Amino acid sequence: MKIRIYQVNMKRDPNDVCFMGYDRLEKLQGTTTIDSAIYDKVFEGEVKCKNLEDVWVKFNNDHPKGYKARSLSKSDIVEVIGNDGASEFHYVDTFGFKQVEFEPEKAQLSERFCDGDKKADTISVLLIQPGKYPKTVTIEDSLEAMQELVGGDIEEYTPFEDEAAIICNEEGKISGLPLNRAIYAEEEVDMCYSEMAQKFREAEKSGEHLEGYIVFTEDSFTEKYPLESRTYAVSSDNKAYRPNMGGYSIYGTSLDGTDKNVRLEAYMTDERGGKDGWKIERCYMKEKEMIEIMAGDFFICHAPISSEKFLSLPPDLTKKYAEKFRYPEKFVQTDKGIKAIPYKPVARDMER
């Protein structure tokens, strides 16, 4: 049914009729005629209600999204708009409703007015949950929707260089929500290839896995490629760096994903590519320092300085942070402090 709701504005209520039953009007204002000018329109729209009693229940127990006015109370007016456009006005009385005369043109529009027929704006964000892979979700662009997604009052956290923000439950740790992901400060440390290879070998001997990055020069290729296409991520978990593997291979993937799982040792001049092979411009590793642990569900959105509100996360940043937070983490106490251990969920069915 289509309805409008009007509520007394107490700043324009000289006779204090707000929250009073219909039988009190004559005593308070000298007449039972409704003074339409003291009312504000607070809601208009279609609601899934069959009658006025349903309207009472909905606007007391299940407010429509975006509704900011007070719950339906005595002295409020409910306008029911028929299929023919004709309206009936009903005063919320002590018991039930009383049909009355009302002049809606004299009422004012409330600052808290809610247009129930207006489609809410939405934004696309990257949701990160404990024990699950990241996923993109679309939510209503409202404080209520964001609070619902993280399960409480929200807090903005901006540890990234990009114009992206983490939106989390501000009391996640206090409330004992499960630990989710670690946040790191990263610093690029340059080194020559032989130094990086040696670090890889030492890490593998101790059972650890490291990741490094190799940037090849532009003139190593017949075409001109951008930096991300010439930069390959390489893991120490390659046969070339692991002792007694009975083979020699170095697989790497370009940062832009256009060249995946390439056997680099066959192309690199520093390995087996020969004098005409790919020449190294730079090698570096990222040293990470854990600066925070997020508790409970959180999401990542676009938060440009120029915008007063959160925006949809662009595709390139969605891809970047989906990879950054791809694996869930378990947290253990060691003699060197808390350590985050990535792991794969048992099955994707567990993500639901």
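Check the entry above for the structure.
All of the points below concern the structure found in this document. Keep in mind that what you see is a predicted model, and the values were worked out from it rather than measured. (Residues numbered from 1 in each chain as written. Predicted model: local features only at pLDDT ≥ 70, side-chain atom pairs only at ≥ 80, totals over all residues. Heavy atoms only, no water.)

Attention shifts here to the side chain of serine 75. Mapped onto the secondary structure, serine 75 falls in the loop between α2 (52-61) and β3 (77-81). Each residue touching serine 75, except ones within four places of it in the same chain, is listed here: Val8, Val17, Cys18, Phe19, Met20, Tyr39, Tyr91 and Val92. (Helix = DSSP H or I, 4+ residues; strand = E, 2+ residues; numbered from the N terminus. Contact = heavy atoms within 4.5 Å.)

This part is about the side chain of serine 229. Inspection of the secondary structure assignment puts serine 229 in helix α5 (residues 227-230). For serine 229, the side chain forms a polar contact with the side chain of aspartate 256, separated by 2.3 Å. Not counting residues within four places of it along the chain, the set of residues in contact with serine 229 comprises Ser254, Asp256 and Thr258. (Polar contact = N/O pair within 3.5 Å; in protein donor to acceptor, adjacent residues only side chain to side chain.)

This brings us to the pairing of strand β7 (residues 122-128). For β7, the buried fraction is high: five of the seven residues fall into the buried class. One ladder, built from six bridges, connects β7 with strand β8 (residues 135-140); its direction is antiparallel. Opposite valine 125, over in β8, you have valine 137 as the bridge partner. When β7 meets strand β17 (residues 298-302), the two strands line up antiparallel, connected through three bridges. (Buried < 20%, exposed > 50% of the residue type's maximum accessible area, 1.4 Å probe, protein only. Pairing = 2+ DSSP bridges.)

On to the pattern of salt bridges. Within this structure, the stated rule accounts for 20 salt bridges. Glutamate 186 serves as the salt-bridge partner of lysine 324, at 3.9 Å between the closest nitrogen and oxygen. With a gap of 138 residues between them, lysine 324 in helix α6 (residues 315-324) and glutamate 186 in strand β11 (residues 179-191) connect regions that are remote in the sequence. By relative accessible area, lysine 324 is classed as partly exposed at 38%. For glutamate 186, a relative accessible area of 39% translates into the label partly exposed. Across the pair glutamate 188 and arginine 282 runs a salt bridge whose closest N-O atoms are separated by 2.7 Å. Separated by 94 residues along the polypeptide, glutamate 188 in strand β11 and arginine 282 in strand β16 (residues 280-295) bring together distant segments of the chain. (Salt bridge = Lys/Arg side-chain N within 4 Å of Asp/Glu carboxyl O.)

Let us look at unusual backbone geometry. At phenylalanine 19, a residue that is not glycine, the phi angle is positive and equals roughly 70 degrees. With respect to the helices, strands and loops of the structure, phenylalanine 19 is situated in the loop between β1 (2-8) and α1 (25-29). For asparagine 261, which is not a glycine, the phi torsion comes out positive at approximately 50 degrees. Its location among the elements puts asparagine 261 in the loop between β14 (251-254) and β15 (262-263). For asparagine 261, a relative accessible area of 57% translates into the label exposed.

It is worth spelling out the layout of surface pockets at this point. Where empty space is left can be seen by rolling a probe of water-molecule size over the atoms. Quantified by volume, the second largest pocket comes out at close to 500 Å³. Lining the second largest pocket we find 18 residues, and of these Lys65, Gly66, Lys118, Ala120 and Glu140 sit closest to its centre. If you list the elements that add at least two residues to the lining of the second largest pocket, you get β6 (108-115) and α3 (143-150). When residues of the lining of the second largest pocket are assigned to their parent elements, the largest contribution, five residues, is made by β6. Here the residues of the lining of the second largest pocket are counted per class, giving four nonpolar, three polar and eleven charged. (1 Å grid on protein atoms, 1.4 Å probe; cavity = no way out; pocket = protein on both sides within 12 Å on 5 of 7 lines; lining within 4 Å. Points joined across faces, edges and corners; volume = space filled by probe spheres on them. Nonpolar A, V, L, I, M, F, W, Y, C, P; charged D, E, K, R; others polar.)

Take the nonpolar core next. With 19 residues, the main nonpolar core has Tyr193, Met196, Ile214, Phe216, Tyr241 and Leu264 as its most contacted residues. If you list the elements that add at least two residues to this core, you get α4 (193-205), β12 (211-216), β13 (231-235) and β16. It is α4 that provides the largest number of residues to this core, a total of four residues. The contact partners of tyrosine 241, leaving out residues within four places of it in the chain, are Tyr193, Ala197, Phe200, Arg201, Glu204, Val234, Ser235, Ser236 and Ile250. By size, the runner-up hydrophobic cluster in this structure holds 16 residues, among which are Ile5, Val55, Val78 and Val80. (Core = buried A, V, L, I, M, F, W, Y, C linked by side-chain atoms within 4.5 Å.)

Any functional reading would require information that these geometric values do not contain.
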